[in-house]
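Structure at a glance
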Amino acid sequence: MQTFIENIPKAELHVHLEGTLEPELSFALAKKNHIELAYDSPEALVAAYDFHDLPSFLTIYYAGMSVLVDEADFYQLTYAYLSKARSQEIIYAELFFDPQAHTTRGVDFETVITGIHKAQLAAEQNLGIKSQLIMCFLRDMSAESAKQHLEMAQPYLDWIIGVGLDSDERNNPPIKFADVFAKAKSMGLKLTMHCDVNQLNTQTHIEQCINTIEVDRIDHGINSLESEELCELIKDKKLGLTVCPVSNRFVVQSLTSNEIHKMLKKEMLVTINSDDPAYFRAYLNENLFELQKEGQFSEAQITTMVGNAFKVAWLDDETKKGYLQQLENYTRQYQ
Ligand code: HPA
Ligand code: ZN
């Protein structure tokens, strides 16, 4: 099973680039940029990763970004993730980034997106991993700020496939961003939003995502299982759910393997992802290993979830078909 998981060609649809910042790279960038870190070594930094819910994780996640300053830093961050991903047989990835977490520190939007974009091009050419970029808005900032950042993205629309919504969900419902998401949609961008696990008013938030915002996908979305009506809507609209087991274990103390089994049984388009792999110390393969171990998922079930990721990816049908064929060629050897 381990070899089957390691070698299966896969896609990742829910990974925050800033969440792929490894402690070693953080130290190297701090030194280069003359930034003082509060820890003596990468090991000491990891030892201080003390999170138990979404807000406590976010505090550490935003603090970590201070070492990202110039274009080369964003290039290095992105290239390092794409190299690691390729080594795990990820052949396609959709990458989140949080521009507001950088512009608020005085780093230009252009610096961030140019560094990321150049690394995507280089990784596709050198490593054969294709990727697309999703710009996230921070939901604990204002809708006005989100709007301004969408404006900043105008000259770079060819580099962005969609918009997302992340950060602290408490008292920050999807409808707060209805206007800016409508604008993004009119600009031809795809839409997704985080519906994090066990949040206050989670069912209302999921319902708003689907019916008001009309998202193309939902990030996490585990709590949809509490409502038959929401499950039916998600199925009717063929919305993918990007679930992140190890992340869930950190923020809600559960890998959610039972919930993932339920989604598979209902034929919901559940996919497995790493979210913030450098912080949760698990990339996509480790997420699949842990999940399989706890939930005893079969090779066929793993294949279904990997296939779902290609199916709900923001790609044209021809490209999807090519990836799904690659997946089928792989699984055929095991039959
Ligand atoms: N949820 C909300 N915000 C985030 C996450 C997440 O899983 N990861 C990085 N920012
Ligand atoms: Zn996330």
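Owing to the predicted nature of the structure, the values given are computational and were not obtained by experimental measurement.

**Focus on the site of ligand 1**
- Taken together, His16, Leu54, Phe57, Leu58, Tyr61, Asp166, Ser167, His194, Asp196, His220, Asp275 and Asp276 form the complete shell of residues around ligand 1.
- One of the backbone nitrogen or oxygen atoms of Ser167 is found 2.9 Å away from a nitrogen atom of ligand 1.
- Asp275 is positioned such that a nitrogen or oxygen atom in its side chain is 2.8 Å from an oxygen atom of ligand 1.
- Contact with the protein chains removes 99% of the 260 Å² of surface that ligand 1 exposes when unbound.
- Top element by residues in the shell around ligand 1 is helix H4 (residues 54–64). It accounts for four residues.

**Quick notes on the sheet that holds strand S7 (residues 240–243)**
- With parallel pairing, eight strands are arranged side by side in an open sheet as S1-S2-S3-S4-S5-S6-S7-S8. Of all the strands in the sheet, the pair left with one neighbour each is strand S1 (10–16) and strand S8 (269–272). Along the sheet, successive strands turn relative to each other by an average axial angle of 25 degrees, direction set aside.
- Sheet analysis places strand S3 (residues 130–138) next to strand S4 (residues 162–166), joined by five bridges and oriented parallel. Within S4, the position partnered with Ile134 by the bridge is Gly162.
- Where helix H9 (residues 178–186) meets the sheet, its contacts fall on S3, S4 and strand S5 (190–195), and the angle it forms with S5 comes to roughly 150 degrees.

**Points about the coordination of the zinc ion (ligand 2)**
- Looking at the metal site, the zinc ion (ligand 2) is ligated by His14 (NE2), His16 (NE2), His194 (NE2) and Asp275 (OD), spaced 2.1 to 2.2 Å from it.
- Motif for the zinc ion (ligand 2), donor spacing along one chain: H-x1-H-x177-H-x80-D. Residue His14 is found in strand S1, and its partner His194 is found in strand S5; the two are separated by 180 residues along the sequence.
- Among the residues examined, His194 registers a relative accessible area of 3% and is labelled buried.

**With respect to the nonpolar core**
- Ranked by internal contacts, the top residues of the largest apolar core, which has 109 residues, are Tyr81, Phe97, Phe137, Leu150, Phe181, Ile218 and Met305.
- A total of seven residues in this core trace back to one element, the largest contributor, which is helix H7 (residues 109–127).
- The residues contacting Leu150, other than those within four sequence positions of it, are Met135, Phe137, Val163, Val180, Lys183, Ala184, Met187 and Leu189.
- Ile134, Cys136, Ile161 and Trp314 belong to the second largest nonpolar core, which has five residues in total.

**Some details on the side chain of Glu12**
- Examined against the element boundaries, Glu12 turns out to sit in strand S1.
- One buried charged side chain, Glu12, makes no salt bridge at all; its nearest oppositely charged neighbour is Lys10, positioned 9.9 Å away.
- A polar contact is formed between the side chain of Glu12 and the backbone nitrogen of Ser274, at a distance of 2.6 Å.
- Not counting the four nearest positions on each side in its chain, Glu12 is found in contact with Tyr81, Ile90, Tyr92, Ala93, Glu94, Asn273, Ser274 and Leu284.

**Things to note about helix H5 (residues 71–87)**
- An ideal rise of 1.5 Å per residue puts 24 Å on 17 residues; H5 measures up with 24 Å between its terminal C-alpha atoms.
- Those residues of H5 that fall on the buried side of the exposure criterion are Asp73, Phe74, Leu77, Thr78, Tyr79, Tyr81, Leu82 and Ala85.
- Looking at the buried residues of H5, the elements they touch are S1, helix H2 (23–32), strand S2 (90–97), helix H6 (100–103), H7 and S3.
- Two residues or fewer past H5, Glu89 is found with a positive phi of approximately 65 degrees.

**Some thoughts on the packing of helix H12 (residues 245–252) against helix H15 (residues 284–295)**
- One can describe the packing of H12 onto H15 by two numbers: an axis separation of 8 Å at closest approach and a directional angle of 75 degrees. With respect to each other, H12 and H15 are oriented roughly perpendicular. Contact residues: Pro245, Val246 and Arg249 in H12; Asn287, Glu290 and Leu291 in H15.
- Here the residues of the contact of H12 with H15 sort into three nonpolar, one polar and two charged.

**Comments concerning the pairing of S7**
- Of the two faces of S7, both are covered, the one formed by Gly240 and Thr242 as well as the one formed by Leu241 and Val243.
- One ladder, built from three bridges, connects strand S6 (residues 217–220) with S7; its direction is parallel. Each bridged residue has a counterpart across the sheet, and for Arg217 the counterpart in S7 is Gly240.
- Following the backbone out of S6, through helix H11 (residues 228–236) and into the adjacent parallel S7, one traces a crossover that is right-handed.
- Pairing of S7 with S8 involves four bridges; the strand directions are parallel. The residue bridging Val243 from the neighbouring strand is Ile272, located in S8.

**What to know about unusual backbone geometry**
- The phi dihedral of Glu214 is positive, around 60 degrees, even though this residue is not glycine.
- For Glu214, a relative accessible area of 44% translates into the label partly exposed.
- The backbone of Gln296 sits at a positive phi, close to 50 degrees, despite the residue not being glycine.
- Considering the arrangement of structural elements, one finds Gln296 in the loop between H15 and helix H16 (299–311).

**Looking at the packing of aromatic side chains**
- Going through the model one piece at a time under the given rule, you end up with 21 aromatic pairs.
- Ring centres of Phe4 and Tyr334 lie 4.8 Å apart, and the angle between their planes is 85 degrees; this geometry places the pair in the edge-to-face category. Taken as a pair, Phe4 in helix H1 (residues 2–7) and Tyr334 in the segment after helix H17 (317–332) lie far apart in primary sequence, 330 residues in all.
- Relative accessible area serves as the criterion here: at 2%, Phe4 is assigned to the buried category.
- Taking the relative accessible area as the measure of exposure, Tyr334 reaches 36% and is therefore partly exposed.
- Look at Phe51 and Phe57: their rings are 5.3 Å apart centre to centre, the planes differ by 85 degrees, and that puts the pair in the edge-to-face class. As far as the burial class goes, Phe51 and Phe57 line up, both buried.

Cut-off values and rules
Starting afresh in each chain, residues are numbered from 1 along the sequence in its written order. Chains carry letters from A onward and ligands carry numbers from 1 onward, assigned in written order. Per-residue local features of the predicted model are confined to residues with pLDDT of at least 70, and side-chain atom pairs are confined, for both listing and counting, to 80 or more; whole-chain, interface and lining totals are unaffected and use all residues. Only hydrogens and water are removed before side-chain values are computed, so all heavy atoms of the structure are retained for them. Whether a residue is near a molecule or strand is decided by its heavy atoms; if any one of them lies within 4 Å of it, the residue is near. Two N or O atoms count as a polar contact when they lie within 3.5 Å, although within protein this holds only if one can serve as hydrogen donor and the other as acceptor, and sequence-adjacent residues are included solely when both atoms are side-chain atoms. Where accessible areas are quoted, they stem from the Shrake-Rupley method and a 1.4 Å probe; at the residue level, only the protein chains shown are allowed to cover. Secondary structure elements are defined from DSSP: runs of H or I of at least 4 residues count as helices, runs of E of at least 2 residues count as strands, and each element is numbered from the N terminus. At least two bridges found by DSSP between two strands is the condition for calling them paired. A fitted line through C-alpha atoms serves as each axis, taken over the contacting stretch for helices, and the angle formed by two N-to-C directions is quoted from 0 to 180°. In this description, contact between two residues means that some pair of their heavy atoms is separated by no more than 4.5 Å. Each metal's donors comprise the N, O and S atoms found within 2.8 Å of it (within 3.2 Å for Na, K or Ca). Water is not part of the atom list, so some coordination spheres may appear incomplete. Note on exposure labels: buried denotes an accessible area under 20% of the residue type's maximum, exposed denotes more than 50%, and partly exposed covers the range between, all computed with a 1.4 Å probe on protein chains only. What is meant by a nonpolar core is a set of buried Ala, Val, Leu, Ile, Met, Phe, Trp, Tyr and Cys residues, joined one to another through side-chain atoms within 4.5 Å. Positive charges come from Lys and Arg, negative ones from Asp and Glu, while His and the chain ends are left out of the count. Salt bridges are defined by distance alone: a side-chain nitrogen of Lys or Arg within 4 Å of a carboxyl oxygen of Asp or Glu. Given a helix with a known number of residues, its expected span is that number minus one, times 1.5 Å. For classification purposes, angles smaller than 35 degrees are called roughly parallel, those larger than 145 roughly antiparallel, those between 65 and 115 roughly perpendicular, and all remaining angles oblique. The classification used treats Ala, Val, Leu, Ile, Met, Phe, Trp, Tyr, Cys and Pro as nonpolar, Asp, Glu, Lys and Arg as charged, and all other residues, Gly among them, as polar. When the strands point away from the viewer and the path from the first strand over the helix to the second turns clockwise, the crossover is right-handed. Only Phe, Tyr and Trp rings are paired, with Trp represented by its six-membered ring, and only when their centres lie within 6.5 Å; those with planes under 30 degrees apart are stacked, over 60 edge-to-face, the remainder tilted.

By themselves, these observations are geometric and do not establish any function.
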